[in-house]
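Residue strings, one per chain:
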Amino acid sequence: MNEETIAGIVGWGKDPGFDRSSITVELHAPGQVRRAAGKSGSRHTVFRVGEVTAASPTAPRSVQLVSYADSAMVTENLGASAGRSFVTNVMGNGLSACTGMISRA
């Protein structure tokens, strides 16, 4: 979801944004998402929580909740984190869709 769109409705600071990195999932079948790599734990922080340009006051609680799924942290600059994820996805997702191969990185 677009943080600016959500903030335009609920206001900045009321809904932290999320980014994920190297979670490596695939749509296995309708309604079934399969994770191609195991949990990252301390090797790599998968989930980042914050606002586009600052830390959100609700981010620590959100990090606590998503950390049940995998590693998480509060970020002061969600925009930069999401930008890196976007570039990575643009480089690999088209190739994965065309070949059926997935990245395990």
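Model, not experiment: these values are computed from the prediction.

A.B. asks: Describe the sheet that holds strand β5 (residues 72–74), and please don't skip the residues or the numbers.
C.D. replies: Strand order in the open sheet made by the three strands is β1-β4-β5, with mixed pairing throughout. On the outer flanks of this sheet lie β1 (17–20) and β5, each paired with one strand and no other. This sheet shows a mean twist of 20 degrees between the axes of neighbouring strands, independent of strand direction. Bridge analysis of strand β4 (residues 47–50) against β5 gives three bridges, and the strand direction is parallel. Across the sheet, residue Arg48 finds its bridge partner in β5, namely Met73.

A.B. asks: Any details on helix α2 (residues 59–66)? Residues and values, ideally.
C.D. replies: Among all positions in α2, only Ala59, Ser62, Val63 and Val66 are buried. The arc that holds every buried residue of α2, seen down its axis, measures 105 degrees, which confines them to one face. Looking at the buried positions of α2, the neighbouring elements they touch are β1, β4 and β5.

A.B. asks: Break down the pairing of strand β3 (residues 32–35) for me, citing the residues and quoting the values.
C.D. replies: Summarising the sheet, strand β2 (residues 25–29) and β3 pair through four bridges and their orientation is antiparallel. Within β3, the residue paired with Val25 across the bridge is Arg35. The antiparallel pairing of β2 with β3 creates a hairpin that spans two residues between the two strands, and Gly31 there sits at a positive phi of about 80 degrees.

Thresholds, definitions, all that
- Residues numbered from 1 in each chain as written.
- Predicted model: local features only at pLDDT ≥ 70, side-chain atom pairs only at ≥ 80, totals over all residues.
- Heavy atoms only, no water.
- Pairing = 2+ DSSP bridges.
- Helix = DSSP H or I, 4+ residues; strand = E, 2+ residues; numbered from the N terminus.
- Axes fitted to C-alpha atoms, helices over the stretch in contact; angles between N-to-C directions.
- Buried < 20%, exposed > 50% of the residue type's maximum accessible area, 1.4 Å probe, protein only.
- Arc of directions from axis to C-beta.
- Contact = heavy atoms within 4.5 Å.

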